[in-house]
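Structure assessment
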Amino acid sequence: MPKFGLLILLLTLLVVAVMSLSIGSAAIPVTEVLLTLLGEDSSSVHKMIVVDIRLPRMFLAILVGASVATSGAAIQGLFRNPLADPALIGVSGGAALFAAAYLVVGAELGIASMGIPASAFIGGLLATWLVLEVGRRGGTISSMLLAGIAINAVTLSGVGMLTYLSTDVELRSVAFWALGSLNGADWYGVAIATSVLPVIAIFLIRSEQLNAITLGDREAGHLGISVARLRIEIVVLTALATGVSVALCGVIAFIGLVVPHLVRMSLGSNHYMVIPGSALLGGLLLLLADSLSRSLLSPAELPVGIITALLGGPFFIYLIVRQKGRLGL
Amino acid sequence: MSIVISNLSYVIEESQLLKDISVTVQGGSIVAVVGPNGSGKTSLLKAVNGESAASAGRVLVDDDDVHSMSLQQRAIRFGILPQQADLDFPFHVVEVVQMGRIPHQTSMQTNQEVVDEVMGEMRLQNIRDRVYLTLSGGEKQRVQIARVLSQIWDARDGACLFLDEPTAALDLSHQLALFRTLESIAEMGTTVMVVLHDVNLALRFAHQVLLLSKGRLLTSGAPLDVLTPETMRDAFEVDTELFPTNDPARPFILTSSR
């Protein structure tokens, strides 16, 4: 039954993916989109829009959505807390801060754009390390989450400060880190984003360990799992996936928090289902949100992070009220 | 598996939780660890199963030093039930029980058979597909016990089971059922070390009782030799009396009204 759910998610994702190629300031009929994809002739302008603009953007939305959602799922399992989410506990914030700092300072240094993902990764890693370290001293998972919330606030105000300090040209792009947008998508970005695929694969391979760790650190140890090693591995992978995602699209709010919950509610808590389910649903939701962000104020567009937060926030409140004890908070 | 504990001490942050404990446990026996709060029962369990390092002394399980065994080696031979579980994710009951099979390389079919058998043993079939978080305290406890049992079920002839207050949340009938199960797997060769507050359960089911007080092993041996009014006064500072039952070998203990 859960496998059937995964299949439905996959099919829905395919349908929405094709639809997303037809939506936009220039409406292109689905049939023409399909013909273009199959290599048939269509008007060269439409072909260019589909292949050079919308297709990379579609792939980027799916990859980043999958990355953010699976990172959320993995880190929720690792921290044994359904509230853990890279965007809530400062990982994304750290990544955004370092990426923005690199942009403001690094632009003067004239370093290649590959440096942005790397800076974002380092920022995310540092933020995660801080969260873990403060949490370790506080002694409880709650103190870790609270530390994350504090670090998140600090990093985002850092981004705000950079916005204030930056020149007009940099300003828009710095604001972009905090709000999240798929607006710069190109095939180069897609190529970088594919680096999250091995991360998701490793999350999937570690499903059993993630299941065990939800029982507790001691209990996982009794089941033969080296918790310290698993923790480092998951944290580094999460920082990597988050760093790449933030570098390409800024901070995408709520996908990492809400998607794993939705998947657990419908497919159960087993990470063998939660990880692929989150990947598919995260990709699907970010793609939907991006399609909305492109079409709501067309031809202008909203940063997609605004849409995900606008829809994700109230929905999460609904979840809390509706599910009561069942969220495990 | 026999367990030989020699001169075991455990010190953490200058408080000595275990002091120079030496005792031998026969393979295939049920050993009750009894003593007042803070007497070191849980510490003893952790030090014996290798979870915490010994500050001095050592523990041999069938001639293997527990503290030099790897996590994996211990996971295959030891089932450990901590005092309280904090599983906060909405897993189904059967999935929680299946987690006991994680250390094993056995086939899916074997795992499924083990899980089915254990769930039958703990009478969980009717709540098999319930969400763990919606269960009562006693039901959760039975699920956790089943998980631990499934970990050692196919190695019952040479495993150790460490249970920290497994009966705390269980009603009378499930307490009895649990000890029937423990008796049957002990008969097959599993050594069961169980922390108990209910001395009458110890009296009735244990082959050996370890009575702890302030980190020391006050005395150990057959239940009736250990749980005497004298030692009970020494350990718990309460007066107790033994009352006979229909079975003269199985009296029960009550605190005196004085």
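Rules used throughout
- Residues numbered from 1 in each chain as written.
- Chains lettered and ligands numbered in written order.
- Predicted model: local features only at pLDDT ≥ 70, side-chain atom pairs only at ≥ 80, totals over all residues.
- Heavy atoms only, no water.
- Helix = DSSP H or I, 4+ residues; strand = E, 2+ residues; numbered from the N terminus.
- Rg over C-alpha atoms; globule rule 2.2 N^0.38 Å.
- Buried < 20%, exposed > 50% of the residue type's maximum accessible area, 1.4 Å probe, protein only.
- Contact = heavy atoms within 4.5 Å.
- Areas by Shrake-Rupley, 256 points an atom, 1.4 Å probe, with all protein chains shown as cover.
- Lys, Arg positive; Asp, Glu negative; His and termini not counted.
- Charge placed at Lys NZ, Arg CZ, Asp CG, Glu CD.
- Buried area = accessible area lost by both parts, 1.4 Å probe.
- Salt bridge = Lys/Arg side-chain N within 4 Å of Asp/Glu carboxyl O.
- Pairing = 2+ DSSP bridges.
- Axes fitted to C-alpha atoms, helices over the stretch in contact; angles between N-to-C directions.
- Core = buried A, V, L, I, M, F, W, Y, C linked by side-chain atoms within 4.5 Å.
- Parallel < 35°, antiparallel > 145°, perpendicular 65-115°, else oblique.
- Left-handed = near helix turned anticlockwise from the far one by under 90°.
- Nonpolar A, V, L, I, M, F, W, Y, C, P; charged D, E, K, R; others polar.
- Arc of directions from axis to C-beta.
- pLDDT = per-residue confidence, 0-100.
- Phe/Tyr/Trp six-rings, centres within 6.5 Å; stacked < 30°, edge-to-face > 60°.
- Lys NZ or Arg CZ within 6 Å of the ring centre and 35° of its normal.

Moving on, we get to the overall build of chain B. Each helix and strand counted, chain B has nine helices and 12 strands in total. Here the C-alpha radius of gyration of chain B, 18 Å, is about what a compact globule of 258 residues would show, namely 18 Å. With the principal axes as the frame, chain B shows a C-alpha extent of 55 × 45 × 35 Å. Taken over 258 residues, chain B has a buried fraction of 53%. Sequence-distant contacts, at least 24 apart, represent 65% of the contacts inside chain B between residues at least 6 apart. Accessible surface computed for chain B: about 11200 Å², of which carbon and sulfur atoms make up 47%. In chain B, the 21 positive side-chain charges and the 32 negative ones have mean positions that sit 2 Å from each other.

The next thing to look at is the interface of chain B and chain A. Accessible area lost when the parts come together is the quantity often used to give the size of an interface. Each side of the interface is counted separately: chain B has 27 residues, and chain A has 26 residues. In this assembly, chain B packs against chain A so that about 2300 Å² is buried in total across both faces, 61% of it on carbon and sulfur atoms. By the criterion of area lost to chain A, the three top residues of chain B are Leu71, Phe89 and Ile102 of chain B, representing 27% of everything that side buries. Our count for the contact surface shared by chain B and chain A stands at one salt bridge. Residue Glu51 of chain B is joined to Arg218 of chain A by a salt bridge in which the shortest nitrogen-to-oxygen separation is 2.5 Å.

Residues and elements named next belong to chain B. Sheet architecture is open: six strands sit in the order 6-7-8-3-9-10, paired in mixed fashion. Two strands bound the open sheet, and with one partner strand each, they are strand 6 (78-81) and strand 10 (216-221). With strand direction ignored, the average angle separating the axes of adjacent strands in the sheet is 15°. In this structure, strand 9 (residues 208-213) lies alongside strand 10, joined through five bridges in antiparallel fashion. Counterpart to Val209 in the pairing with strand 10 is Gly221. Along the sheet, helix 5 (residues 137-152) contacts strand 6 and strand 7 (160-164); its crossing angle with strand 6, the most-contacted strand, is approximately 170°. Docked against the sheet, helix 9 (residues 229-236) engages strand 3 (30-34), strand 9 and strand 10, running at close to 35° with respect to strand 9.

Pairing is antiparallel in the open sheet, where four strands are placed in the order 2-1-4-5 (chain B). The sheet is open, and its two borders are formed by strand 2 (15-25) and strand 5 (64-65) of chain B, each paired with just one other strand.

What follows concerns the nonpolar core. Of all hydrophobic cores here, the largest spans 132 residues; its most connected members are Leu60 of chain A together with Leu161, Leu182 and Leu227 of chain B. Here the element with the most residues in this core is helix 3 (residues 44-78) of chain A; it accounts for 16 residues. Ignoring sequence-local partners within four residues, the contact set of Leu60 of chain A consists of Gly65, Leu182, Ala185, Gly189, Val190, Ala193, Leu248 and Cys249 of chain A. Grouped together as the second largest cluster of nonpolar side chains are 27 residues, Leu45, Ala47, Ile80 and Cys160 of chain B included.

Residue and element names in this part refer to chain A. The geometry of helix 13 (residues 255-267) relative to helix 14 (residues 271-295) is characterised by a closest axis approach of 9 Å and an angle of 125° between their N-to-C directions. Taken together, the axes of helix 13 and helix 14 are oblique relative to one another. Along this stretch, helix 13 crosses helix 14, giving a crossing that reads as right-handed. In this structure, helix 13 contributes Ile255, Val259, Pro260, Leu262, Val263, Arg264 and Leu267 to the contact, and helix 14 contributes Met273, Val274, Gly277, Ser278, Leu281, Gly282, Leu285 and Leu286. When the residues that make up the contact of helix 13 with helix 14 are grouped by side-chain class, the tally is 11 nonpolar, three polar and one charged.

Let us look at the pairing of strand 3 of chain B. Residue and element names in this part refer to chain B. The element strand 3 is largely enclosed, with a buried count of five among its five residues. The alternating pattern of strand 3 places Ile30, Ala32 and Val34 and Val31 and Val33 on opposite faces, both of which are buried. Across four bridges, strand 3 lies against strand 8 (residues 191-195) in parallel orientation. By the bridge assignment for strand 8, Val31 is matched with Met193. Taken together, the four bridges between strand 3 and strand 9 define a ladder with parallel strand orientation. Bridge pairing in strand 9 links Val34 to Leu211.

Residues and elements named next belong to chain B. Those residues of helix 9 that sit buried are Thr231, Met232 and Ala235. On an axial view of helix 9, the arc spanned by its buried residues comes to 100°, and they lie on one face. One or two residues past the end of helix 9 sits Glu237, with phi positive at roughly 55°.

Let us now look at the confidence of the model for chain B. In the predicted model, chain B carries a mean pLDDT of 92, and the fraction of residues at 70 or more is 99%. Both confidence scores are given for the complex: pTM 0.87, ipTM 0.90.

Turning our eyes to something else, we now look at the environment of Ala66 of chain A. All names here are of chain A. Structurally, the position occupied by Ala66 is in helix 3. Spatially, the C-alpha atoms of Ala66 and Ile275 are 9.2 Å apart, while their sequence positions differ by 209 residues. Among residues more than four places away in sequence, those in contact with Ala66 are Ile200, Ala279, Gly282 and Gly283.

Averaged over all residues, the pLDDT of chain A is 85; the fraction at 70 or higher stands at 91%. No element of chain A has a lower mean pLDDT than helix 7 (residues 168-179) of chain A, at 66, and none a higher one than helix 9 (residues 196-205) of chain A, at 96.

Attention now moves to the packing of aromatic side chains. All names here are of chain B. Throughout the structure, instances matching the rule amount to five aromatic pairs over all chains. An angle of 75° between the planes, with centres 5.4 Å apart, marks the rings of Phe78 and Phe162 as edge-to-face. Residue Phe78 is located in strand 6, and its partner Phe162 is located in strand 7; the two are separated by 84 residues in the primary sequence. Residues Phe78 and Phe162 agree in their burial class; the two are buried. Judged by centre distance (4.8 Å) and plane angle (15°), the ring pair of Phe179 and Phe205 falls under stacked. One end of the pair, Phe179, is in helix 6 (residues 172-188); the other, Phe205, is in helix 7 (residues 199-205), with 26 residues separating them in the sequence. For the pair Phe179 and Phe205, one class covers both residues: buried. Cation over ring: Arg156 sits above Trp153, and NZ or CZ is 4.0 Å from the ring centre.

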